[in-house]
Amino acid sequence: MTTAPPRPGTGAPAPGPVQSPGPGTLYGRPGPSAGDRLRPGLAMRFHVTLDERDIDLGLWSSCRGLQVSFGSKEIVEGGQYCDRTLLPERVTYSTVTLERMMTQADSPRLQAWLAGVAARWTGYEYDGGRAGAYQGQDVTIRLFDHQGALVTGWVLQRAVPTEWTGPDLDARSNSVAIERLSFEHSGFLAHSGDLPGVAR
């Protein structure tokens, strides 16, 4: 575009029309290409494995408790009435609870894994301690987009199952059978960004 001639006596270019951003720009900056469009993760598309795919716990319909809290304590200083001084304390993670409809493919596999955990939970010393005490396992939750491509994920480190809840059976009901599995864990912030296939 040709620059407008200077205004007399100023040396500044004459004002011209404001140019709108051209195609392929976003707020004056180059916009994402077709291959870099945002890929939203869908809340109903996630898969759960143990120890990085060694044990497949299958697909689940609900996951609650992916939450981290940064604890702090307020320090009261004499003469300080406006600002707040916070002392960092523990970083805590919530219990993660998975929920799904029971299926012939996934539910028996989950029961077999729980049986192995129970065998190592207590009484493992009576069989010679070959397997050893249960120390927890890394639980990987992967989130996918509408095309089945991996968006992101979380690794619950040293996760320990705390509760499995089976369905309420009632001959007068036609509702589906639901199972729930809860985990306590030591965190997911350290390694969740290292999942293979996650674009960063």
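Preceding this paragraph is the structure being described.
Residues numbered from 1 in each chain as written. Predicted model: local features only at pLDDT ≥ 70, side-chain atom pairs only at ≥ 80, totals over all residues. Heavy atoms only, no water.

Asker: Where do I start with the sheet that holds strand S3 (residues 46-50) in this structure?
Answerer: Sheets are built from strands paired through backbone hydrogen bonds, the pairs being either parallel or antiparallel. With antiparallel pairing, 7 strands are arranged side by side in an open sheet as S4-S3-S9-S10-S11-S8-S5. Single-partner strands in this sheet number two, and they are strand S4 (55-59) and strand S5 (62-64). Mean inter-strand twist for the sheet, computed between neighbouring axes without regard to direction, equals 35 degrees. With 5 bridges connecting them, S3 and strand S9 (residues 137-144) associate as antiparallel partners. Bridge assignment links histidine 47 to a residue of S9, and that residue is arginine 142. Relative to the sheet, helix H1 (residues 107-121) contacts S3, S4, strand S8 (96-101), S9, strand S10 (150-165) and strand S11 (178-184), its axis offset from that of S10 by approximately 60 degrees. (Pairing = 2+ DSSP bridges. Helix = DSSP H or I, 4+ residues; strand = E, 2+ residues; numbered from the N terminus. Axes fitted to C-alpha atoms, helices over the stretch in contact; angles between N-to-C directions. Contact = heavy atoms within 4.5 Å.)

Asker: Would you mind showing me how to read the packing of aromatic side chains here?
Answerer: Inspection of the entire model under this criterion finds 3 aromatic pairs. Consider the rings of tryptophan 113 and phenylalanine 183, whose centres lie 6.1 Å apart with planes at 45 degrees: the pair is tilted. Here tryptophan 113, found in helix H1, pairs with phenylalanine 183, found in strand S11; they are 70 residues apart in sequence, far enough to count as distant. In this pair, the class of tryptophan 113 matches that of phenylalanine 183, namely buried. (Phe/Tyr/Trp six-rings, centres within 6.5 Å; stacked < 30°, edge-to-face > 60°. Buried < 20%, exposed > 50% of the residue type's maximum accessible area, 1.4 Å probe, protein only.)

Asker: Which parts of the structure should I look at to understand a nonpolar patch on the surface?
Answerer: Taken together, the side chains of Phe70, Val91 and Leu189 define a hydrophobic patch exposed on the protein surface, amounting to about 300 Å² of accessible area. Its place among the elements puts leucine 189 in the segment after S11. (Patch = residues over 30% accessible without salt bridge, like charges linked within 9 Å, V, L, I, M, F, W, Y side chains within 5 Å. Areas by Shrake-Rupley, 256 points an atom, 1.4 Å probe, with all protein chains shown as cover. Salt bridge = Lys/Arg side-chain N within 4 Å of Asp/Glu carboxyl O.)

Asker: Would you mind going over the nonpolar core with me for this structure?
Answerer: Soluble globular proteins: nonpolar side chains tend toward being buried together. Leu57 and Trp113 are the most contacted members of the largest nonpolar core, which has 19 residues in total. If you list the elements that add at least two residues to this core, you get S3, S8, H1, S9, S10 and S11. Dropping the residues within four chain positions of it, tryptophan 113 is found in contact with Leu50, Ile55, Leu57, Tyr134, Gln137, Pro161, Leu181 and Phe183. (Core = buried A, V, L, I, M, F, W, Y, C linked by side-chain atoms within 4.5 Å.)

Asker: Can you walk me through the side chain of histidine 47 in this structure?
Answerer: Mapped onto the fold, histidine 47 is located in strand S3. Judged by its relative accessible area of 18%, histidine 47 is buried. Only 2.9 Å separates the side chain of histidine 47 from the side chain of aspartate 56, close enough to count as a polar contact. Excluding residues within four positions of it along the chain, histidine 47 makes contact with Asp56, Gly58, Leu59, Thr140, Ile141, Arg142 and Phe144. (Polar contact = N/O pair within 3.5 Å; in protein donor to acceptor, adjacent residues only side chain to side chain.)

Asker: I'm lost on the pattern of salt bridges in this one. Help?
Answerer: In a structure, side chains of opposite charge can pair up when their charged atoms sit close to one another. Under the counting rule described, the total for this entry stands at 7 salt bridges. The salt bridge partner of aspartate 106 is arginine 100, with a shortest N-O separation of 3.8 Å. Salt-bridge contacts for aspartate 106 lead to arginine 109; the nearest nitrogen and oxygen are separated by 2.5 Å. Here arginine 109 falls in the partly exposed class, since its relative accessible area comes to 33%. Overlapping salt bridges bring together Arg100, Asp106, Arg109 and Glu179 as one network.

Asker: Explanation requested: unusual backbone geometry in the structure shown.
Answerer: Generally, phi is negative for residues other than glycine and the peptide bonds are trans, each holding for most cases. Of note in this structure, arginine 158 is not a glycine but carries a positive phi near 50 degrees. Residue placement: arginine 158 occurs in strand S10. Given the relative accessible area of 51%, arginine 158 is considered exposed.

Asker: I keep staring at the pairing of S8 and nothing clicks. Help me out?
Answerer: The side chains of a regular strand alternate, residue by residue, between the two faces of the sheet. Most of S8 sits out of view: 5 of its 6 residues are buried. Across 3 bridges, S5 lies against S8 in antiparallel orientation. The residue bridging cysteine 63 from the neighbouring strand is leucine 98, located in S8. Pairing of S8 with S11, which is carried by 6 bridges, proceeds in the antiparallel orientation. Bridge assignment links arginine 100 to a residue of S11, and that residue is glutamate 179.

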